[in-house]
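Given next are the chains, with one letter for each unit.
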Amino acid sequence: CDWSFNDTSRVLLAKFSFDCSDTMHAADQQFLLQMMERDDVTVISEGLVNDLDAAMWNLQFISGVAGHEYCHKIRRFSRQVVEESNLVAPGDEEEGGTKRYYVTHKEEDGYVSMKLSDYIAYLDKR
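Below: a short report on this structure. (Residues numbered from 1 in each chain as written. Predicted model: local features only at pLDDT ≥ 70, side-chain atom pairs only at ≥ 80, totals over all residues. Heavy atoms only, no water.)

Quick word on the side chain of S78
Within the fold, S78 resides in strand 4 (residues 70–84). Here the side chain of S78 touches E108 through a polar contact of 2.6 Å, side chain to side chain. When neighbours within four sequence positions are excluded, S78 is seen to be in contact with T104, H105, K106 and E108. (Helix = DSSP H or I, 4+ residues; strand = E, 2+ residues; numbered from the N terminus. Polar contact = N/O pair within 3.5 Å; in protein donor to acceptor, adjacent residues only side chain to side chain. Contact = heavy atoms within 4.5 Å.)

Digging into the packing of aromatic side chains
If you walk through the whole model with that rule in mind, you get 3 aromatic pairs. For the ring pair Y119 and Y122, a centre distance of 5.9 Å and an interplane angle of 35° mean the geometry is tilted. Placement of both Y119 and Y122 in helix 3 (residues 116–125) is noted, with a separation of 3 residues, approximately one turn of the helix. Assessed through its relative accessible area of 37%, Y122 is described here as partly exposed. (Phe/Tyr/Trp six-rings, centres within 6.5 Å; stacked < 30°, edge-to-face > 60°. Buried < 20%, exposed > 50% of the residue type's maximum accessible area, 1.4 Å probe, protein only.)

Remarks on unusual backbone geometry
For R10, which is not a glycine, the phi torsion comes out positive at approximately 60°. Residue position: R10 is located in the loop between strand 1 (2–6) and strand 2 (11–15). Accessibility expressed as a relative area gives 16% for R10, which makes it buried.

So, the pattern of salt bridges
One pass over the structure, following the stated rule, counts 3 salt bridges. Salt bridges sharing partners connect three or more residues here, namely R10, R38 and D40. (Salt bridge = Lys/Arg side-chain N within 4 Å of Asp/Glu carboxyl O.)

So, the sheet that holds strand 3 (residues 42–46)
Pairing within the open sheet is mixed, and its 3 strands lie in the order 1-2-3. The open sheet is flanked by strand 1 and strand 3, the only strands paired with a single partner. When the angles between neighbouring strand axes are averaged without regard to direction, this sheet yields 15°. In this sheet, strand 3 lies alongside strand 2 in parallel orientation, the contact comprising 5 bridges. Bridging across to strand 3, L12 finds its partner in V43. (Pairing = 2+ DSSP bridges. Axes fitted to C-alpha atoms, helices over the stretch in contact; angles between N-to-C directions.)

With respect to a nonpolar patch on the surface
Taken together, the side chains of L48, V49, L52, M56, W57, F61 and V65 define a hydrophobic patch exposed on the protein surface, amounting to about 680 Å² of accessible area. Tracing the chain through its elements places L48 in the loop between strand 3 and helix 2 (59–66). (Patch = residues over 30% accessible without salt bridge, like charges linked within 9 Å, V, L, I, M, F, W, Y side chains within 5 Å. Areas by Shrake-Rupley, 256 points an atom, 1.4 Å probe, with all protein chains shown as cover.)

Written out as C-alpha cells, the structure is:
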C-alpha cells in the first residue's frame, strides 16, 4: 500500500494494489484501522475493493444518483493555531525566548446536515 498524508487538510490517502491472490498486509490493516478511529484524520482508500463496476462506483456517479440525499451526522472541526508560551531557545535566554506555534483541530459541538453532493464537492477540495 502507498500512503500519503496532507498536513494542511489532514487527509490520509491509502492506495492499495492487489493481484487476485493478494491480501492486505497485517501492518497495513492495523495502521488503516487505527487511522479510521481518529477524529482528526480523514481516510480515503483507493483500490481496497475488487470486482466493482468502475462506471457505477465513482464519486460523480454516486453524486448524480444520491447527491440530493442528506447525511445528518457530519462532524465539524475548527483549525486553531496555538502559541506555545514561555519557550526559551538555547542562546536566547537574554532575549526572553522565541514564539513557536502549532496547529490543532478542535471538534465543534453538535452535528451538521449536508447533501451528499456537497460532501463530495468538499472531499474534492481537500
